[in-house]
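A structural walkthrough
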Amino acid sequence: MSALTAKVAEPAPPPPPDGRAPKRRGVELTLLAGAVLISVLGHLYVGLATTGHLPRTARHYAGGLATAALVAHLAVRLRAPYADPLLLPIAVLLNGLGLVLIQRLDATTPGHLTSGDQLLWSALGLLLFVLVVAILRDHRVLQRYAYLSAAVALVLMLVPVLFPAVNGAHIWIRFAGLSFQPGEFAKILLAVFFAAYLAANRTALALTGRRLLWKLRLLPGRVLGPILAIWLLSVGVLVLERDLGTSLLFFGLFVIMLFTATGRIGWIAIGMILAGLGAYAVTTFEPHVHGRVEDWLHPFASIDRGEGPGQLAQSLFAFAAGGLLGAGLGHGQSFLIGFAAKSDFILATAGEELGLVGLAAILLLYGLLVARGFRAGLALRDPFGRLLATGLASIVALQVFVIAGGVSGLIPLTGMAMPFLAQGGSSVVTNWIIVALLVRLSDSARRPRPAHESQEAAA
């Protein structure tokens, strides 16, 4: 056992000297071609299933998606040649599947077409992906702007309070027919702040403080105070806005990054206790959240009252109707969920029309995206990069868990958007920025060291 422990504890071998590490850009291009092909075939199939003929926009759709993917690939090839070859193809495939599902739902909701807007937001997201990869040459530059990132994040979260609530939450800014959710960008900025602060204070966080219980140490206020204050302010603002999903996301991000920085499992236990207490308090005193919890506990109560199935009940019916292989694209009834079918509940459409097999494939794509983000973090040599990669991958993982759990009845609904898949311009754009940062981080992780650095590391 001791030998096995010693083997596990050994650090990873240093990267090979410059010139011997494969770049895998050909693999990325091949996977991108497959992702574009799957998305285009889905677009054609939806057109045939809903209208009986091929969509007239098929040629423009295929050409636009292929061009955007090729431009993104060239940006990675030229600016981040050692980046993980799976990150960009997974993001393109998920985004393409989202466009297909939204196009399918548009066919049964002619008065509320959103696929065109989603396509424009996706193009903007890919443009920002290219800009981030091209301009940000070293991720460590972001560490200099830790407190500025925190300040901008708090401002972005405060602004929607001044605007009317939408579906019970103050998280949107509506102007000139466009809607914008600033909190989506705040999560990236807070991840940068948490990573920078924890990297600068990791030794104090791990070793200092008065022992409280077993291996848990009560950290001094001068160490924990700034990051705790920023976190409390952000969560307080989100509770004021009734944005339960993003509050849960920020709380989980804070706990995960604190545990990653300190290596102390006691922070996970404290996080679970605080999450339980906070959830009980918000559920008890906030009517909007209380209503969602009641819907979760009694999803079929509206049917018993003769009002027909609510959104969660209809979502469960959609999953049940999908079975193993699904009803086929364009042949489901998940549009009966209502206005949230393209956003909060789009996973129900995937479950009904693609079945358990298709839904599992989508969730595996998300799992692979998160795993490659964690892998990049483990391979990075600087603490800030490790924490930032872990935080960004955790954002995606937490979003998928919260949304998939909500629409399947595992946890109460939170009103978040499924990354890349659901309708939501702010969500699509920010998730493309997250992928761009992970591409940059993975390039730094996989980039070989110069020969003299490799010899020093080996020594």
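Basis of the calculations
- Residues numbered from 1 in each chain as written.
- Predicted model: local features only at pLDDT ≥ 70, side-chain atom pairs only at ≥ 80, totals over all residues.
- Heavy atoms only, no water.
- Helix = DSSP H or I, 4+ residues; strand = E, 2+ residues; numbered from the N terminus.
- Buried < 20%, exposed > 50% of the residue type's maximum accessible area, 1.4 Å probe, protein only.
- Contact = heavy atoms within 4.5 Å.
- Areas by Shrake-Rupley, 256 points an atom, 1.4 Å probe, with all protein chains shown as cover.
- Salt bridge = Lys/Arg side-chain N within 4 Å of Asp/Glu carboxyl O.
- Patch = residues over 30% accessible without salt bridge, like charges linked within 9 Å, V, L, I, M, F, W, Y side chains within 5 Å.
- Axes fitted to C-alpha atoms, helices over the stretch in contact; angles between N-to-C directions.
- Parallel < 35°, antiparallel > 145°, perpendicular 65-115°, else oblique.
- Left-handed = near helix turned anticlockwise from the far one by under 90°.
- Core = buried A, V, L, I, M, F, W, Y, C linked by side-chain atoms within 4.5 Å.
- Expected span 1.5 Å × (residues − 1).
- Arc of directions from axis to C-beta.
- pLDDT = per-residue confidence, 0-100.

1. What about the overall build of the protein chain?
Broken down by element type, the protein chain carries 18 helices and four strands. Residues classed as buried in the protein chain amount to 49% of the 459 residues present. For the protein chain, long-range pairs separated by at least 24 residues make up 74% of all intrachain contacts whose partners lie at least 6 apart in sequence. When the accessible area of the protein chain is evaluated, it comes to approximately 21,500 Å², of which 69% is carbon and sulfur surface.

2. Quick look at unusual backbone geometry
The phi torsion at Arg24 lies on the positive side, around 65°, for a residue other than glycine. Inspection of the secondary structure puts Arg24 in the loop between α1 (2-9) and α2 (25-51).

3. Concerning the pattern of salt bridges
Opposite charge on two side chains allows them to pair when their charged atoms are near. The full count for this structure, using the stated rule, is eight salt bridges. Across the salt bridge formed by Glu353 and Arg104, the nearest N and O atoms sit 2.3 Å from each other. Linking Glu353 in helix α15 (residues 346-379) with Arg104 in helix α4 (residues 87-106), this pair joins segments that are 249 residues apart in sequence. We classify Glu353 as buried; its relative accessible area is 2%. The partner of Arg440 in a salt bridge is Asp443, and the shortest N-O contact between them spans 3.1 Å.

4. Let's talk about a nonpolar patch on the surface
Judged by side-chain polarity, Leu29, Leu70, Leu74 and Leu78 come together as a nonpolar surface patch covering roughly 380 Å² of accessible area. In terms of residues, the nonpolar patch owes the most to one element, helix α3 (residues 58-79), which gives three residues. Topologically, Leu29 is positioned in helix α2.

5. Details of the side chain of His73
Looking at the element boundaries, His73 is found in helix α3. With residues near it in sequence (within four places) discarded, His73 still touches Arg25, Glu28, Leu29, Leu32 and Leu88.

6. Observations regarding the packing of helix α10 (residues 244-262) against helix α11 (residues 266-285)
To characterise two packed helices, one gives the angle between the axes of the helices and the distance between these axes. Where α10 meets α11, the closest approach of the two axes is 9 Å, and the angle between their N-to-C directions is 165°. As far as their axial angle goes, α11 and α10 are roughly antiparallel. α11 is crossed by α10, and the crossing has right-handed handedness. Only Trp267, Ile268, Gly271, Leu274 and Ala275 of α11 make contact with α10, whose side of the interface consists of Phe251, Val255, Leu258, Phe259 and Thr262.

7. Some details on the nonpolar core
If you look at the biggest cluster of nonpolar residues, it comprises 115 residues, and the most contacted ones within it are Phe129, Leu392, Met418, Leu421, Trp432 and Val439. Sorting elements by how many residues they give to this core places helix α16 (residues 383-407) first, with 14 residues. Other than its neighbours up to four places away in sequence, Trp432 contacts Leu88, Ala91, Val92, Asn95, Ser122, Gly125, Leu126, Phe129 and Phe420.

8. What about α3?
An ideal rise of 1.5 Å per residue puts 32 Å on 22 residues; α3 measures up with 31 Å between its terminal C-alpha atoms. Taken as a whole, α3 has its buried residues at Ala58, Tyr61, Leu65, Ala69, Ala72, His73, Ala75 and Val76. In a view along the axis of α3, the buried residues occupy a sector of 155°, so they form one face of it. Exposed and oriented more than 90 degrees from the buried face of α3 are Arg59, His60 and Leu78. Tucked inside the fold, the buried residues of α3 contact α2, α4, α5 (115-135) and α17 (425-446).

9. Quick look at the packing of α10 against α16
At a closest axis distance of 9 Å, the pairing of α10 and α16 adopts a crossing angle of 140°. Here α10 is positioned oblique relative to α16, judged by the angle of their axes. Two packed elements cross with a definite hand, and for α10 against α16 that hand is right-handed. Seen from α10, the contacting residues are Leu248, Leu249, Gly252, Leu253, Ile256, Met257, Thr260 and Ala261; seen from α16, they are Leu387, Thr390, Gly391, Ser394, Ile395, Leu398, Gln399 and Val402.

10. Things to note about the confidence of the model for the protein chain
The share of residues in the protein chain with pLDDT of 70 or more is 83%, and the mean pLDDT across the chain is 83. With pLDDT under 50 throughout, residues 1-13 is counted as low confidence; its partners more than four residues away or in other chains account for zero contacts. Note on residues 454-459: pLDDT under 50 across the span, and seven contacts to partners over four residues away in sequence or across chains.

11. Focus on the environment of His43
Topologically, His43 is positioned in helix α2. You can call His43 buried: its relative accessible area is 7%. Sequence separation between His43 and Ala62 is 19 residues, and the spatial gap between their C-alpha atoms is 8.9 Å.

12. Some points on the environment of Pro182
With respect to the helices, strands and loops of the structure, Pro182 is situated in the loop between β2 (178-180) and α7 (183-200). A residue is classified by how much of its surface remains accessible, and Pro182, at 1% relative accessible area, is buried. Pro182 sits 245 residues away from Ser427 along the chain, and the two C-alpha atoms are 9.7 Å apart.

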